[in-house]
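Analysis of the macromolecular model
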Amino acid sequence: MTVRARPFQFAEQEAPRQQPGLWLKDRRWDMSFIILSVLLVPVPYLLYLFGVNQLGLDPDLSRNTINAFVAVAVGGPHMMSTFLRTGLDRDFSRRYPMLLRSSIIIPLIVVALAFLNLTLLLTIFFFWAMLHVLHQVTYVTELYNHREHKVMKRPEISTAARLIDYALILTCLFPMAALKISEGSFRVGTNDLTAVIPRLFQDTWFFTAAAAVFLVALGLYAIKTVMEYRAGQINWPKTIFITLTVAVFFPLAGFENLDTAFQGANTWHSFQYLPLTFYIIKLKQRSQPGFDRQAPLVARFSRGENTRGLYVLSTLMLGGSLVIFLLVYAIAGTIIPDIDPNRHFDIAYYTAILSFLWIHYYHDHFLFTDFEALDEAHYS
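So, here is what we can say about the structure in this document. From a predicted model like this one, the values you see are computed outputs, not experimental measurements. (Residues numbered from 1 in each chain as written. Predicted model: local features only at pLDDT ≥ 70, side-chain atom pairs only at ≥ 80, totals over all residues. Heavy atoms only, no water.)

1. Looking at the overall build of the chain
Heads up, the condition is: Segments assigned H or I by DSSP are reported as helices when at least four residues long, segments assigned E as strands when at least two residues long, and all are numbered from the N terminus. Type-normalised accessible area, obtained with a 1.4 Å probe on protein chains alone, sets the label of each residue: buried when under 20%, exposed when over 50%, and partly exposed for intermediate values. By definition in these notes, contact holds between two residues if any of their heavy atoms fall within 4.5 Å. Method for areas: the Shrake-Rupley scheme with a 1.4 Å probe, in which residue coverage is limited to the protein chains shown. Only four residue types enter the charge count, namely Lys and Arg as positive and Asp and Glu as negative; His and the chain termini do not. In plain terms, the charge of a residue is placed at NZ if it is Lys, CZ if Arg, CG if Asp and CD if Glu.
Helix and strand counts for the chain come out as 18 helices and two strands. The dimensions of the chain, computed from C-alpha atoms along their principal axes, are 65 × 50 × 45 Å. Residues counted as buried form 50% of the 380 residues belonging to the chain. Considering only intrachain contacts with a sequence separation of at least 6, the fraction spanning at least 24 residues in the chain is 77%. With an accessible surface of roughly 18,000 Å², the chain has 66% of that area assigned to carbon and sulfur atoms. Here the chain carries 31 positive and 28 negative side-chain charges, and the mean point of each set is 8 Å from the other.

2. Re helix α15 (residues 308-316)
Listed in full, the buried residues belonging to α15 are Gly 309, Leu 310, Tyr 311, Leu 313 and Ser 314. Close packing links the buried residues of α15 with α3 (59-85), α12 (258-287) and α14 (296-301).

3. Concerning the packing of α3 against α12
Keep this limit in mind: Note on geometry: axes are C-alpha line fits, over the in-contact stretch for helices, and angles between N-to-C directions span 0 to 180 degrees. By the definition adopted for this analysis, an angle is roughly parallel if under 35 degrees, roughly antiparallel if over 145, roughly perpendicular if from 65 to 115, and oblique otherwise. What makes a crossing left-handed is the near helix being turned counterclockwise from the far one by less than a right angle; a clockwise turn instead makes it right-handed. Only Asp, Glu, Lys and Arg are considered charged in this grouping, and only Ala, Val, Leu, Ile, Met, Phe, Trp, Tyr, Cys and Pro are considered nonpolar; every other residue, Gly among them, is considered polar.
Look at α3 against α12: their axes get within 9 Å of each other, and the N-to-C directions meet at 30°. Considered as vectors, α3 and α12 are oriented roughly parallel to each other. You can see that α3 and α12 cross each other, and the crossing is left-handed. When the residues that make up the contact of α3 with α12 are grouped by side-chain class, the tally is 10 nonpolar, 12 polar and three charged.

4. Details of the packing of aromatic side chains
Rules: Centres within 6.5 Å are what make two rings of Phe, Tyr or Trp a pair, Trp counting through its six-membered ring; a difference in plane orientation under 30 degrees is then read as stacked, over 60 as edge-to-face, and the rest as tilted. We call a charge positioned over a ring when the NZ of a Lys or the CZ of an Arg lies within 6 Å of the ring centre and within 35 degrees of the ring normal.
Taken as a whole and assessed by the stated rule, the structure comprises 24 aromatic pairs. Ring centres of Phe 92 and Phe 366 lie 5.9 Å apart, and the angle between their planes is 80°; on these two criteria the pair is classed as edge-to-face. Taken together, the positions of Phe 92 in helix α4 (residues 90-95) and Phe 366 in helix α17 (residues 341-367) put the pair 274 residues apart, joining distant regions of the chain. With relative accessibility at 7%, the residue Phe 92 sits in the buried group. Both rings, one in Trp 128 and one in Trp 358, keep their centres 5.4 Å apart while their planes meet at 55°; by these two values the pair is tilted. Taken as a pair, Trp 128 in helix α7 (residues 118-150) and Trp 358 in helix α17 lie far apart in primary sequence, 230 residues in all. Accessibility classification places Trp 128 together with Trp 358 in one group, the buried group. One aromatic cluster is present, formed by Phe 325, Tyr 329, Phe 345, Tyr 349 and Tyr 350 through successive ring pairs. Sitting over the face of the ring of Tyr 279, Lys 25 holds its NZ or CZ atom 5.7 Å from the ring centroid.

5. With respect to the environment of Gly 254
Take Gly 254: it is sitting in the loop between α11 (236-249) and α12. Looking at Gly 254, the relative accessible area reads 35%, which means it is partly exposed. Distance from Gly 254 to Pro 175, taken between C-alpha atoms, is 9.1 Å for residues 79 residues apart in sequence. Dropping the residues within four chain positions of it, Gly 254 is found in contact with Met 176 and Lys 180.

6. Examining the nonpolar core
Put simply, the rule reads: Among the buried residues, those of types Ala, Val, Leu, Ile, Met, Phe, Trp, Tyr and Cys that are joined through side-chain atoms within 4.5 Å form a nonpolar core.
Judged by nonpolar contacts, the single largest core of 80 residues is most densely connected at Leu 121, Phe 249 and Trp 358. In terms of residues, this core owes the most to one element, α7, which gives 14 residues. The contacts of Trp 358, once residues within four sequence positions are left out, are Ile 106, Ile 109, Val 110, Leu 121, Ile 124, Phe 125 and Trp 128. Core analysis: the second largest hydrophobic core is formed by 15 residues, Val 70, Phe 278, Phe 291 and Leu 310 among them.

7. Observations regarding the side chain of Asp 364
Selection rule: Only one rule defines a salt bridge in this text: a Lys or Arg side-chain nitrogen within 4 Å of an Asp or Glu carboxyl oxygen. Counting of polar contacts relies on pairs of N or O atoms within 3.5 Å, with two restrictions inside protein: one atom must be capable of donating a hydrogen and the other of accepting it, and residues adjacent in sequence are counted only when both atoms are side-chain atoms.
In this structure, Asp 364 sits in helix α17. Put simply, Asp 364 is tucked away with no salt bridge, and the nearest opposite charge, on Arg 85, sits 5.7 Å away. At 2.7 Å, the side chain of Asp 364 forms a polar contact with the side chain of Tyr 273. Residue contacts for Asp 364: discarding those within four places in its chain leaves Thr 82, His 132 and Tyr 273.

8. With respect to helix α9 (residues 174-182)
When α9 is considered as a whole, its buried residues turn out to be Pro 175, Met 176, Ala 177, Ala 178, Lys 180 and Ile 181. The inward-facing, buried residues of α9 abut α7, α8 (159-171), α10 (204-230) and α12. Note on α9: the residue one or two positions beyond its end, Gly 184, has a positive phi of about 70°.

9. Observations concerning a nonpolar patch on the surface
So the rule is basically this: Patch construction takes residues with relative accessible area above 30% that form no salt bridge. Like charges are linked within 9 Å, and nonpolar side chains (Val, Leu, Ile, Met, Phe, Trp, Tyr) are linked within 5 Å.
Together, Phe 50, Leu 55, Leu 57 and Leu 61 make up a nonpolar patch on the protein surface, roughly 370 Å² of accessible area in all. Inspection of the secondary structure puts Leu 61 in helix α3.

10. Concerning unusual backbone geometry
Excluding glycine, most residues fall at negative phi; most peptide bonds, likewise, are trans. The backbone of Asp 338 sits at a positive phi, close to 60°, despite the residue not being glycine. By the element assignment, Asp 338 lies in the loop between α16 (319-335) and α17. On the accessibility criterion, Asp 338 (81% relative accessible area) is exposed.

Written out as structure tokens, the structure is:
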């Protein structure tokens, strides 16, 4: 029986174990949450244009309204859901204590940069965010490779084929971003990020090099895909996933309003991340008898046939960001008398968000090395 996915419930229901196949879970789930979810990328930008051109909203009001909605609906919950697998899991804490302890350094860096150089903070955030999104794409790609080899018993994909996939994924965003940088128009919201980008990378050579590397990777990927198809060894879910992702991501940095354009990438990334994370948690809960003791709060919200409770818990945890915002907002007004209202808000806002978001990135760079995370669905 195939489990039917309900919108925004991320549909992790108890089901009979599947027959081996190339899908991470099943065809409907993969297509809904992993592959075709990339079509969400242009939605925020289209809504932004609708607000400005049809409703007559101020561009900043339309942009910030979309940012707020995405943050509450999927962005914030996806950020907090990482901690369901790390900080709230005693088994993880026992096995990787230094990873959790070293995380405290991140908020200290965020607070220092928020007060001393907000533009530098946002520049680091932007490039780390894009790296994180692309890292998730390579992780999902590797999950498909792992399943193809371990479950389908096909020969392991070659190092050359892996490098071609990775090269295409990791370079697809940068040609248009490099073009923007060379034109001196790399702005996110009201912040001009070119102000802290070294002049060396603001020349046309950087765009030419980025475009050349991408085109070479694209050509090699096309040749590899044709060869796999002719040999009858093509991994269709992975190939469709990579192809659609690159096609949608390539023009993203070329839009005028980069803030909302990349909010589209965040929407897709978060919508994909949540069901994948909840699925992994459910598999661990099912396979480990002591899970209720190891992660009592997670287990309490993870009862029942779907993952709605895990989404609720992740959303409730956003209250931590609100507390940080209020504290920093009060402190900033004391430290910097007569502070500009916009700067006052930005310091508090970015401290509250990026302190948790960067820890989320840090933990995920570790979690994204666990290619056996879905094995329990097929071997237990």
